[in-house]
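A closer look at the structure
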Amino acid sequence: MLSKSSICGKLLSGLLRQAHNQQIATLKHFAPPIEYKNVVMPDRPKLRFMDKVPILPTNMKAPKMQKKLKFMRGPEMVHNTLLYKQYGIVATGGGRLRWGHFEMMRLGIGRKMDINRMFAIWRVDAPWQPITKKGQGQRMGGGKSAIDHYVTPIKSGRVIVEMAGKCEFAEVKPILETVCHKLPFKAMVVSQEMLEEMQAEEERLKRENLNPYTFKYIIQNNLGGCHKWLSPVDHKWFGKYL
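The sections below set out a description of the structure shown in this document. Worth saying up front: this structure is predicted, and the values here are computed from it rather than measured.

1. Overview of the side chain of Q192
Relative to the helices and strands, Q192 is located in helix α4 (residues 192-207). Discounting chain neighbours no more than four positions away, the residues touching Q192 are L82, K85 and Q86.

As structure tokens, then:
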């Protein structure tokens, strides 16, 4: 049995600890550190410089092209996964990258990343599609005008830049977000876990859907005569992509 003096002493010590906000040391359980055994650092960790104009043979004249909006519409079917299974920027809409956007990403990421632990790679080609433009105040007609600049068309789901190395998502995310918001189309910073969760959630919603009247079903069965006002893009992607 404890005496009254010992009980009062314990109560008093507890009140003093609460009054002075003293912490009592206890046993902590920390997660083990992440081991980056399979990470191989390249010789050049920073993003390489992209040419502003594609290099052509000396005896070849620069060809012109049509707009080819199909290069920006629809989902990306090939370059939509991370090679190093770590972090990157993924486009959530279609658009075109100009040479200035490449320089913005190259300088913005290269200045903030730790080259001793991180590296970045391009997942898109240098500007290759020619865009023509007439001069100011010219009349219509007269043939196709001269090439003004070159762009790289991007589809939804395309991986733009990928970062990897001995780093975590918390320290890579602010670096990629600084350039992600300046792109000419909607994009987001993702990790491999986020891509897997998004894919699993999309499959779950498709599997557990109880409403048979989806937008795809409506278009395929011409409900309400929707074929009169739908575009060919809606018939192909069922309202998912612009």
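2. Observations concerning the nonpolar core
Within soluble globular proteins, side chains that are nonpolar tend to cluster in buried spots. In terms of nonpolar packing, the biggest core is built from 28 residues, with I89, L97, M105, I109, W122, I160 and M163 touching the most fellow members. Among the secondary structure elements, those contributing two or more residues to this core are β1 (87-91), α2 (99-112), β3 (118-122), β6 (159-165) and α3 (169-180). Looking at this core element by element, the count peaks at five residues for α3. Not counting chain neighbours up to four residues away, the residues in contact with M105 comprise L47, L97, G110, W122, I160, V161, V179 and L183. One finds L82, V159, V190 and L195 within the second-largest nonpolar core, a separate group that totals five residues.

3. Quick notes on the sheet that holds strand β5 (residues 147-154)
Reading across from one edge, β2-β5-β4 is the order of the three strands in this open sheet, with antiparallel pairing throughout. What marks the edges here is a single partner per strand, and that holds for β2 (95-97) and β4 (129-132). Averaged over all adjacent pairs, the angle separating strand axes in this sheet is 55 degrees, with direction ignored. Bridge count between β4 and β5: four bridges; the pairing is antiparallel. When the bridges of β5 are listed, T132 appears paired with I147. Lying over the sheet, α2 contacts β2 and β5, oriented at roughly 70 degrees with respect to β2.

4. Examining the sheet that holds strand β7 (residues 187-191)
In space, the four strands of this open sheet follow the order β3-β6-β1-β7, with antiparallel pairing throughout. Single-partner strands in this sheet number two, and they are β3 and β7. Averaged over all adjacent pairs, the angle separating strand axes in this sheet is 20 degrees, with direction ignored. The sheet contact formed by β1 and β6 spans four bridges and is antiparallel. By the bridge assignment, G88 is partnered in β6 with E162. The strands touched by α3 within the sheet are β1, β3, β6 and β7, with β7 carrying the most contacts at an inclination of about 165 degrees.

5. Section: the environment of L230
Turning to its location among the elements, L230 is positioned in the loop between α5 (215-220) and α6 (232-237). For the pair L230 and I219, spaced 11 residues apart in the sequence, the C-alpha separation amounts to 8.5 Å. Discounting residues that sit within four places of it in the chain, L230 has contacts with I219 and H235.

6. So, a positive patch on the surface
On the surface, K61, K64, K67, K134 and K144 cluster together into a positively charged patch. Within the secondary structure, K61 sits in the loop between α1 (4-20) and β1. Exposure remark for K61: the relative accessible area of 73% places this residue in the exposed category.

Rules used throughout
- Residues numbered from 1 in each chain as written.
- Predicted model: local features only at pLDDT ≥ 70, side-chain atom pairs only at ≥ 80, totals over all residues.
- Heavy atoms only, no water.
- Helix = DSSP H or I, 4+ residues; strand = E, 2+ residues; numbered from the N terminus.
- Contact = heavy atoms within 4.5 Å.
- Core = buried A, V, L, I, M, F, W, Y, C linked by side-chain atoms within 4.5 Å.
- Buried < 20%, exposed > 50% of the residue type's maximum accessible area, 1.4 Å probe, protein only.
- Pairing = 2+ DSSP bridges.
- Axes fitted to C-alpha atoms, helices over the stretch in contact; angles between N-to-C directions.
- Patch = residues over 30% accessible without salt bridge, like charges linked within 9 Å, V, L, I, M, F, W, Y side chains within 5 Å.
- Areas by Shrake-Rupley, 256 points an atom, 1.4 Å probe, with all protein chains shown as cover.
- Salt bridge = Lys/Arg side-chain N within 4 Å of Asp/Glu carboxyl O.
- Lys, Arg positive; Asp, Glu negative; His and termini not counted.
- Charge placed at Lys NZ, Arg CZ, Asp CG, Glu CD.

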